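Coordinates in review
Read off the chains here:
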Amino acid sequence: MNKERRFQQQSPVEAEIPLLPQEIMVEILSRLPVKSLCQFRCVSKQWLSLISDPLLAKSHLKKTVSNDCFYSQRKRVIISSHNLYSLEYESIGRNGSFDENLVALELDYPLKDKPNGLAELLDSARDGFLYCERSEEGNDEFPVMVKLNLPFCVNQRNWVDILGSCNGLVCIAPDEDTLFLFNPSTRESKRIPDPPSGFVPNGWSVYGFGYDFVNDDYKVVKVGCGTVCVYSLRTDSWRIVCSFPYVDNVSESGVLLNGTIHWMVSFEDGVDCRCVVAAFSLEEEVFSDMPAPDIVDTSFEFVVGVLNGCLCVLHSRNQMHNDFWVMTEYGVGKSWTKLTLSLSYICMKPLCLAQNREALLDVDGKLLLYNLEDDSYRYLVVDGIPAGDGFEADTYLETLVSPNGFRRT
C-alpha cells in the first residue's frame, strides 16, 4: 500500500499554465525567442494551444517590428546555394576585426532531399564515366558508345529560388514551378496550389510575395505572358486580376516595400520605349507607375531593391557598373539620389544595414559589407556553405507566423 502511494506521488503531472490573465501571458511570451517558444509547445496541451494561437503570433510579430532590440535579435539572412542556410544578423559586422568567420546554419525545407535529374544520370555511371549512344552521320541502325568524363562534384540537389520574404514567411521554389510558403524558424510550410490551367500559359513568369495589411492576407503575385494572377493564403486560391500593362521583359522577382511589389519595367510610349517602376498594390491589386531615375533607359538592364526602407534601382547583367540610385522619399521622382561605389559590379542586391550601420550587399554572388560614409568594404567569409556554387540571399524575421494558420473564407 505504501509502495503504491509513493508511486502515485512520483508519477509525472502535466505542467499547467500559471493562473495569469491571457493578455499578461501573451505579453510575456511575445518577448521570448521563437526557438524557446517552439520548445515550450512540448510542455503540455495547454502550452501548445496558447503558443499556436494566431493572436500570440501577431503579438510576437508586432513586438519584433516595433522594438529595435528584438528586431535585431530576430533578423536573419537566408542564403540559397543548392540548399538553404540561415545566418544570424547580429553576428554580421559585430566587430571590425573579422577574426572569426561567420557560420551558416543549414535549414530543413520542403523537397530538400528530392534529387534533380543529374542524380539519376550519375547513378548510371560506371567506373567513374558515363556512357551514351550517339549516331554517326544519321546512321541510327549502328550507334556508337561515347564515354563521358562527368565531374562528380556537381551538386545533385535542386537550386532553391527565393521569391520573397515577409513577416517571417519566405516564398521559395525548391523545384520548377513548385511554390511553398515556408517559415524557417518553425519549419512549417504550405504547398501553394498550382494556378488553374489557362490562368498563365507555360513559359516566362516572375513572382512577388507580400502582406496585404488591410485584408490581413499574404499574397503571391504571378506575372506571365501578359497576365497577372494573385494567390491568396486566406482563401487558398488563385484569381486573375488584370493584364500586365508593360513589356514582358521582366526577369527578376518583385521587391516588397510599403505593401506594394515593385518591378523595373518598360512600356511603349508612342514610338518610344521608356522605363518606369511598376508598383503593384497588394490591397487594391492594381498597378501604378513610379518615375525611374532620369538616367535609366532601355539600353541597359535594371532591377529594383530595398536598402534601409528606401527603394533602389541597380544595374543588372551585361556590363560592370559602380553606381546605383536610392529614392530617399517614397514615390517622389525628384528624390532619386545617385550613389557611386568604390567597387564595380555586374549584379548587386542590397540586403540590410548591419550592426555597425554598414550596408550588407550581395555582389556577384559574394557577401560584403560596404561603408557608405568612407567607401570602404570587406568581403565576408561564411563557413558551412560549399564554395564555388554561387548563391542568392534575402532576409527574414524569426516569427511564429504560420503558413497554415489562415482559415479558408
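Predicted model only: the values in this text are computed from it and were never measured. (Residues numbered from 1 in each chain as written. Predicted model: local features only at pLDDT ≥ 70, side-chain atom pairs only at ≥ 80, totals over all residues. Heavy atoms only, no water.)

**Focus on the sheet that holds strand S12 (residues 217-224)**
Strand pairing in a sheet takes place through backbone hydrogen bonds and is either antiparallel or parallel in direction. Condition: When DSSP locates at least two bridges between a pair of strands, those strands are taken to pair. Segments assigned H or I by DSSP are reported as helices when at least four residues long, segments assigned E as strands when at least two residues long, and all are numbered from the N terminus. The convention used is that axes are lines fitted to C-alpha atoms, helices contributing only their stretch in contact, and that angles between N-to-C directions extend from 0 to 180 degrees.
Reading across the sheet, the four strands line up as S11-S12-S13-S14 and stay open at both edges, with antiparallel pairing between neighbours. The sheet terminates laterally at strand S11 (206-212) and strand S14 (237-243), the two strands that pair on one side only. Direction aside, the axes of adjacent strands within the sheet are offset by 25° on average. With six bridges connecting them, strand S13 (residues 227-232) and S14 associate as antiparallel partners. Its bridge partner being in S14, Ser-232 is matched across the sheet by Ser-237.

**A few points about the sheet that holds strand S9 (residues 178-182)**
An order of S7-S8-S9-S10 is seen for the four strands of this open sheet, with the pairing classed as antiparallel. Two strands in the sheet have a free side with no partner beyond their single neighbour: strand S7 (161-166) and strand S10 (189-191). On average, each strand axis in the sheet is tilted by 25° relative to the strand beside it, whichever way the strands run. As judged from the five bridges shared by S7 and strand S8 (residues 169-175), these two strands associate in the antiparallel manner. Counterpart to Gly-164 in the pairing with S8 is Cys-171.

**Observations concerning the layout of surface pockets**
Keep this limit in mind: Cavities and pockets were defined on a 1 Å grid built over protein atoms only: a cavity is a set of grid points that admits a 1.4 Å probe from which the probe cannot escape, a pocket is an open set flanked by protein on both sides within 12 Å along at least five of seven lines, and lining residues are those with an atom within 4 Å of any such point. Grid points are joined across faces, edges and corners, and a volume is the space filled by probe spheres set on the points. Each residue is assigned to one class: nonpolar for Ala, Val, Leu, Ile, Met, Phe, Trp, Tyr, Cys and Pro, charged for Asp, Glu, Lys and Arg, and polar for all the others, Gly among them. What marks off one domain from the next here is an automatic or database domain assignment.
There is about 670 Å³ of room inside the second largest pocket. Forming the walls of the second largest pocket are 28 residues, and the residues nearest its centre are Lys-35, Arg-76, Ser-86, Leu-105 and Glu-398. For the lining of the second largest pocket, the class distribution of residues is 13 nonpolar, five polar and ten charged. Of the domains in this structure, domain 1 (22-68) and domain 2 (69-114 + 158-397) are the two that each give at least three residues to the lining of the second largest pocket.

**As for the side chain of Ser-316**
How we decide: Residues are treated as being in contact if the distance between any of their heavy atoms lies within 4.5 Å.
Following the sequence through the fold, Ser-316 ends up in strand S20 (residues 310-327). In this view, Ser-316 contacts Glu-252, Glu-301, Phe-302, Val-303, Ile-346 and Cys-347; residues no more than four positions away in its chain are not counted.

**Comments concerning unusual backbone geometry**
Selection rule: Exposure categories follow from relative accessible area, calculated using a 1.4 Å probe and restricted to protein chains: below 20% of the type maximum is buried, above 50% is exposed, and the middle band is partly exposed.
The residue His-82 is not glycine, and still its phi comes out positive at about 55°. Residue class for His-82 comes out buried when judged on its relative accessible area of 18%. Non-glycine residue Asn-258 carries a positive phi angle of around 55°. If you trace the backbone, Asn-258 turns up in the loop between strand S15 (255-257) and strand S16 (260-269). Exposure remark for Asn-258: the relative accessible area of 52% places this residue in the exposed category.

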